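Secondary and tertiary structure notes
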Amino acid sequence: MVVGETGLGKTTFMNTLFNTDLVESIIPETPQSTKTVVISPKTYELVEDGVSLNLCVIDTPGFGDRLNRSTDLEPIIEYIDEQFQAYYDAERSAEFRRAIPDTRVHALLYFIPPTGHTLKELDILALQTLSAKVNVIPVIAKADTLTPEEKVSFKRSILGGLDAHNIKIYPSAYPDDREMIVELEKHIPFTVIGSDNFVNAAGKKVRGRSYRWGVVEVENVKHCDFIYLRELIMTSCLHELIDITHSHHYHNYRAGLLRRGGRPESILACDEQYEVRIENTKATLSEEMLRKEEEMRQTFVQKVREKEQSLRQREEQLNQRRQQLMAELEEQRRLIEAEEREMNDMLNANRSTRRK
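Residues numbered from 1 in each chain as written. Predicted model: local features only at pLDDT ≥ 70, side-chain atom pairs only at ≥ 80, totals over all residues. Heavy atoms only, no water.

1. Some details on helix α4 (residues 148-164)
Look at α4: 24 Å from first C-alpha to last across 17 residues, which is about the 24 Å you get at 1.5 Å a residue. Taken together, the buried positions of α4 are Lys151, Phe154, Lys155, Ile158, Gly161 and Leu162. End-on, the buried residues of α4 take up no more than an arc of 130 degrees, which puts them together on one face. Turned more than 90 degrees away from the buried face of α4, the exposed residues are Glu149, Arg156, Asp163 and Ala164. Those residues of α4 that are buried are in contact with β4 (108-112), α3 (121-131), β5 (136-140) and β6 (190-191). Just past α4, the residue Asn166 takes up positive phi, approximately 55 degrees. (Helix = DSSP H or I, 4+ residues; strand = E, 2+ residues; numbered from the N terminus. Expected span 1.5 Å × (residues − 1). Buried < 20%, exposed > 50% of the residue type's maximum accessible area, 1.4 Å probe, protein only. Arc of directions from axis to C-beta. Contact = heavy atoms within 4.5 Å.)

Shown next as structure tokens:
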């Protein structure tokens, strides 16, 4: 997918990238007649040296062309989510073991106007939103309008803006140990020249643009980063773009759908910041265990206190009952002694009467 304002050379770049006329030039409309962003996917089969590549190029004419740009991202995000949903539905179908047609967006080239200053508000919002859904590769369009010093300064300014707004771009946000990736990273954001015409340079025909002062070549690393960008997309990272789309972006989309149904969040080794999330989860579980242990201890102490109180009350009741029984026994003993004295007195009186 290519995203950027009209006139930045997106169509020309795609034709140059694949060395063929893939996309026809789109006649730009006036901002007043552009009501929404149009999603224009076109599928091709490229064959080179017997190797076939199924390619889908998705253009987004109308993006950033109106004064009110608040809804420009909605059709793009909707299209990306629709492809995720189609893949998700195919996985859940009865024929999931068959090859699933993969129409997901694996790479998004975001074209930045060569202002030479910094990222515009629209660019920041778009990059923040899109980078959460797809592998975003920033591209400085029409780099031949900037001097070498301006290119360096503009790149530094863009990287600073990306870092300040925590915008994750490819491949920087997805570390890799391969030396080629490290070398290609040095050229982010990539500068390109919008020209698919052939011009004469040093006695040979090259793709580029001719000026009165000389020729700017598309495939000259001194003039722009086209060669590095093509290497990234077509050779070094072709399969990695697909893998990251599946293991990261599609995984996040699928996990979101599953969590809507009440399923708890899972942590997989393929997740971004896996180690950090594992450590955070361990810390959370440890805190939860300590909290529960303290609750159990407090509950146990409370139950022991309640039991002790109950036993004391029972002991007091038993003591009171014992005292009551002892008092009753003492009363009975006194009554018996009184009766015994009375009987003795009666017997003594009878004996005295008989003697007389």
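2. Considering the sheet that holds β5
Strand order in this open sheet of four strands is β1-β4-β5-β6, and the pairing throughout is parallel. The outermost strands of the open sheet, each flanked by one partner alone, are β1 (2-3) and β6. Alignment of β5 against β6, held across two bridges, turns out to be parallel. Looking at the pairing, Val139 lines up with Phe190 of β6. (Pairing = 2+ DSSP bridges.)

3. A short note on unusual backbone geometry
With an omega of 5 degrees, the peptide bond running from Tyr170 to Pro171 counts as cis. Locating Pro171 in the fold gives a position in the loop between α4 and α5 (179-185). Omega for the peptide link from Ile188 to Pro189 comes to -10 degrees, which places this bond in the cis form. Considering the arrangement of structural elements, one finds Pro189 in the loop between α5 and β6. For Lys142, which is not a glycine, the phi torsion comes out positive at approximately 50 degrees. Its place among the elements puts Lys142 in the loop between β5 and α4.

4. Observations regarding the pattern of salt bridges
Applying the stated criterion to the full structure yields 14 salt bridges. Across the pair Arg291 and Glu295 runs a salt bridge, and its minimum N-O distance is 2.3 Å. On the criterion of helical spacing, the pair formed by Arg291 and Glu295 is a turn pair, its members being four residues apart in helix α8 (residues 274-355). Taking the shortest distance from any N to any O, the salt bridge between Glu294 and Arg297 comes out at 2.9 Å. Here Glu294 and its partner Arg297 are both found in helix α8, three residues apart, which amounts to about one turn of the helix. Residue class for Glu294 comes out partly exposed when judged on its relative accessible area of 36%. Counted as one network, the salt bridges with shared partners bring together Glu330, Glu331, Arg333, Arg334 and Glu337. (Salt bridge = Lys/Arg side-chain N within 4 Å of Asp/Glu carboxyl O.)

Remember that the coordinates give geometry; whether it matters functionally is a separate question.
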